[in-house]
Amino acid sequence: MTTNIRYKSRIPIKSDETPEEKQYVGFATLPNQVHRKSVKKGFDFTLMVAGESGMGKSTLVNSLFLTDLYKDRKLLNAEERINQTVEIIKHTVDIEEKGVKLKLTIVDTPGFGDAVNNNECWKPITDYIDQQFEQYFRDESGLNRKNIQDNRVHCCLYFIPPFGHGLRPVDVEFMKALHEKVNVVPLIAKADCLTPNEIKKLKDRVREEIERFGIKVYQFPECDSDEDEEFKQLDKELKECCPLAVIGSNTVVEARGQRVRGRLYPWGIVEVENQSHCDFVKLRNMLIRSHMHDLKDVTCDVHYENYRAQCIQDMTRYVRLCRDPRKDKNGITTRTLSLPPL
Ligand code: GDP
């Protein structure tokens, strides 16, 4: 047996190490090394928002990240919207908090569900998601894999209108078209339009329909058994609360002697961050504090992996066909010479 010692430990030996510390090799510091490296590199996250225009998407995104991402947005009138096709608009901001940098990309989908005929209006959105997978696949298979820019969509917040009696056909079709490609998180928009009883009824209905139509929305991972009790309780509440009912606001109002993000009505104030008014805080905690990494993992390990496996299968089939051209059912032998599309 040969042993090749290729790497030597470069951990500086402290002279004041206790006898107990001297017994350790030092690999317990690995998590710290990983932490340092990732903080230095920074993080990125791509969030897509979809739903009819006027559902409060931009207001919610601004409330979530405390930025104004939609300064230059041009709103179309009804006439302009008749022939409008679904557009994909990307907004990117660099946010820094306690030395940790996050490159946040919001992918907006104006025009979705706004036309008179909404047949296949989700197509530009699914195409966009596929294009990002394709780009990543090309970059990953290329020569320079060091600085790949990852534009894959990690999560799609889908806004369900609060006015109906559950999901509309367009909601069902949209989520079914996307659920194998991206983590879909359905939200009940503008929850302040409903009473607590109505919210409960709508949530039950949406949950039941998601199940009935076989829609695979993002599943929160099981809580680790060694997590503390408080975390387990929050996780349980989050799971029971879905689909989350949210409220957004771009204004700060005074409530109970404090300045809060809220909506001022003649009959009172609706506070965005008040957990008895809506699930905004649960959504923010989930997206940013507790599940951002899992959303990225599922994107990479499940959705991208499916895309990649399909691509490789198609390419293998193509290569086999080139080597051994078969006659089709009409007896015609086809031999395509161009490279297969990824
Ligand atoms: P988007 O087109 O989906 O991006 O919608 P906007 O964010 O531009 O919001 C459209 C309108 O709805 C604006 O007048 C907002 O002030 C209002 N709005 C946004 N969020 C809410 C909400 O949670 N509740 C209510 N009642 N109105 C909202």
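Residues numbered from 1 in each chain as written. Predicted model: local features only at pLDDT ≥ 70, side-chain atom pairs only at ≥ 80, totals over all residues. Heavy atoms only, no water.

The protein chain carries the name Septin 5a in an unreviewed UniProt entry, which gives Oncorhynchus kisutch as its organism. Its UniProt record gives the protein chain a comment under Subcellular location (unreviewed entry), which states: "Cytoplasm". (UniProt positions renumbered as here; feature names shortened; annotations may be inferred.)

## Some points on the packing of aromatic side chains
Here the structure, examined in full by the defined rule, presents 6 aromatic pairs. Considering the side-chain rings of Y158 and F174, the 4.5 Å spacing of their centres and the 20 degrees angle between planes classify their relative orientation as stacked. Of the two residues, Y158 is situated in strand β4 (residues 155-160) and F174 in helix α6 (residues 169-178); the sequence distance between them amounts to 16 residues. Taken together through their ring pairs, the aromatic side chains of F133, Y136, Y304 and Y307 make up a single cluster. Taking NZ or CZ as reference, R152 lies 3.6 Å from the ring centre of Y136, over its face. (Phe/Tyr/Trp six-rings, centres within 6.5 Å; stacked < 30°, edge-to-face > 60°. Helix = DSSP H or I, 4+ residues; strand = E, 2+ residues; numbered from the N terminus. Lys NZ or Arg CZ within 6 Å of the ring centre and 35° of its normal.)

## Structural notes on α6
Note: α-helices contain 3.6 residues per turn, so residues at a spacing of three or four share the same orientation. Listed as buried for α6 are V170, D171, V172, F174, M175 and L178. Where α6 is buried, its residues meet β1 (43-50), α5 (123-141), β4 and β5 (184-188). (Buried < 20%, exposed > 50% of the residue type's maximum accessible area, 1.4 Å probe, protein only. Contact = heavy atoms within 4.5 Å.)

## As for the pairing of β1
Most of β1 sits out of view: 6 of its 8 residues are buried. Of the pairings in the sheet, the one linking β1 to strand β3 (residues 100-108) comprises 7 bridges and is parallel in character. Within the sheet, the bridge partner assigned to T46 lies in β3 and is T105. (Pairing = 2+ DSSP bridges.)

## Comments concerning the pairing of β4
Counting buried positions over the 6 residues of β4 gives 6, a clear majority of the element. Two elements, β1 and β4, share 4 bridges in a ladder whose sense is parallel. Considered in β4, the bridge of L47 is made with C155. Both β4 and β5 contribute to a ladder of 5 bridges, which runs parallel. Counterpart to Y158 in the pairing with β5 is P186. With respect to chirality, the unit in which β4 leads through α6 into the neighbouring parallel β5 is right-handed. (Right-handed = clockwise from strand over helix to strand, strands pointing away.)

## Looking at the side chain of T46
Within the secondary structure, T46 is located in strand β1. Setting aside residues up to four positions removed in sequence, T46 forms contacts with T105, V107, N151, R152, V153, H154 and C155.

## Section: a nonpolar patch on the surface
Among the surface-exposed residues, V25, F27 and L30 lie close enough to one another that they form a single nonpolar patch of about 360 Å² accessible area. Position of F27 among the secondary structure elements: in the loop between α1 (19-22) and α2 (30-41). (Patch = residues over 30% accessible without salt bridge, like charges linked within 9 Å, V, L, I, M, F, W, Y side chains within 5 Å. Areas by Shrake-Rupley, 256 points an atom, 1.4 Å probe, with all protein chains shown as cover. Salt bridge = Lys/Arg side-chain N within 4 Å of Asp/Glu carboxyl O.)

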